[in-house]
Amino acid sequence: MATASRYTVLVVEDEMLIRIFAADSLQENGFNVLEAADAAEALRILDEHDDVDVLFTDVNMPGPMDGVALAGLMHDRRPELGLIITSGRGAPDLAGLPITSLYLAKPYLPQQLRAAVERQTLH
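One structure accompanies this document, and this report is about it.

About the criteria used
Residues numbered from 1 in each chain as written. Predicted model: local features only at pLDDT ≥ 70, side-chain atom pairs only at ≥ 80, totals over all residues. Heavy atoms only, no water. Axes fitted to C-alpha atoms, helices over the stretch in contact; angles between N-to-C directions. Helix = DSSP H or I, 4+ residues; strand = E, 2+ residues; numbered from the N terminus. Parallel < 35°, antiparallel > 145°, perpendicular 65-115°, else oblique. Left-handed = near helix turned anticlockwise from the far one by under 90°. Contact = heavy atoms within 4.5 Å. Nonpolar A, V, L, I, M, F, W, Y, C, P; charged D, E, K, R; others polar. Pairing = 2+ DSSP bridges. Phe/Tyr/Trp six-rings, centres within 6.5 Å; stacked < 30°, edge-to-face > 60°. Buried < 20%, exposed > 50% of the residue type's maximum accessible area, 1.4 Å probe, protein only. Core = buried A, V, L, I, M, F, W, Y, C linked by side-chain atoms within 4.5 Å. Salt bridge = Lys/Arg side-chain N within 4 Å of Asp/Glu carboxyl O.

## As for the packing of helix H1 (residues 16-28) against helix H4 (residues 110-122)
It is the contact of H1 with H4, at a shortest axis distance of 10 Å, that shows an interaxial angle of 65°. Judged on the interaxial angle alone, H4 and H1 are roughly perpendicular. Where H1 crosses over H4, the two elements pack in a sense that is right-handed. For the pair H1 and H4, the contacting residues are Phe21, Ala22, Ser25 and Leu26 in the first and Pro110, Leu113 and Val117 in the second. For the contact of H1 with H4, the class distribution of residues is 6 nonpolar, 1 polar and no charged.

Below, the structure written as structure tokens:
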């Protein structure tokens, strides 16, 4: 794999402390990180940044769009985007997402997140 700093991850998480934890652990592993608190903010960031390689999103967020819907919309717009879905409420139905999508259960360890992101940058 090429160096992690060549990859950008958008972390979408409404719980600020969890978002900071994820962003910090990815940055410590050399990834470029962008952050959003909900799907609407994530869509604005993705419209402004064509360099995002991986979308890492929580399922349950405020607003009309959840993380699974966000991932599905972004896959339609940018099929090359790696998708990682996370939730502390059990595995969501990922039937509408590509088979390469990953589910990462909360709580997760920094090395589990890093491994998931690395896996998504390889496809």
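## Some points on the sheet that holds strand S5 (residues 102-105)
The strands that make up a sheet are held in pairs by hydrogen bonds between backbone atoms, and each pair lies either parallel or antiparallel. Taken together, 5 strands build an open sheet; the order of strands is S2-S1-S3-S4-S5 and the sheet is parallel. Bordering the open sheet on either side are strand S2 (32-36) and S5, each of which pairs with just one other strand. Across the sheet, the axes of successive neighbouring strands diverge by a mean angle of 20°, strand direction being ignored. The sheet contact formed by strand S1 (residues 8-12) and S2 spans 5 bridges and is parallel.

## Digging into the packing of aromatic side chains
Aromatic ring pairs are defined here through the distance separating the ring centres and the angle between the ring planes. For the structure shown, the criterion picks out 2 aromatic pairs. Seen from their ring centres, Phe21 and Tyr108 are 6.0 Å apart, and the 40° between their planes marks the pair as tilted. Note that Phe21 is positioned in helix H1 and Tyr108 in the loop between S5 and H4, a separation of 87 residues in sequence. Note on Tyr108: relative accessible area 8%, which makes it buried. With a centroid separation of 5.6 Å and 80° between ring planes, the pair formed by Phe56 and Tyr108 is classed as edge-to-face. With Phe56 in strand S3 (residues 54-58) and Tyr108 in the loop between S5 and H4, this pair connects stretches of sequence that are 52 residues apart.

## As for the nonpolar core
Leu10, Val12, Leu55, Leu70 and Met74 are the most contacted members of the largest nonpolar core, which totals 20 residues. Those elements that provide at least two residues to this core are S1, helix H2 (39-48), helix H3 (67-77) and strand S4 (82-87). Among the elements that line this core, the one with the most residues is H2, at 5 residues. Apart from the residues lying within four places of it in its own chain, the contact partners of Leu70 are Val12, Ala39, Ala42, Leu43, Leu55, Thr57 and Met65. Val9, Ala23, Phe56 and Ala116 belong to the second largest nonpolar core, which has 17 residues in total.

## Looking at the environment of Val11
Considering the arrangement of structural elements, one finds Val11 in strand S1. By relative accessible area, Val11 is classed as buried at 1%. In contact with Val11, not counting residues within four places along its chain, are Arg19, Ala22, Leu26, Val33, Leu34, Glu35, Ala36 and Phe56.

## Observations concerning the pattern of salt bridges
Pairing of side chains with opposite charge becomes possible as their charged atoms draw close. Under the criterion given, the structure shown has 6 salt bridges. Between Arg78 and Glu80 there is a salt bridge whose closest N-O contact spans 3.6 Å. The class of Arg78 is buried, set by a relative accessible area of 11%. Residues joined by salt bridges that share partners form a network here, namely Glu13, Asp58 and Lys106.

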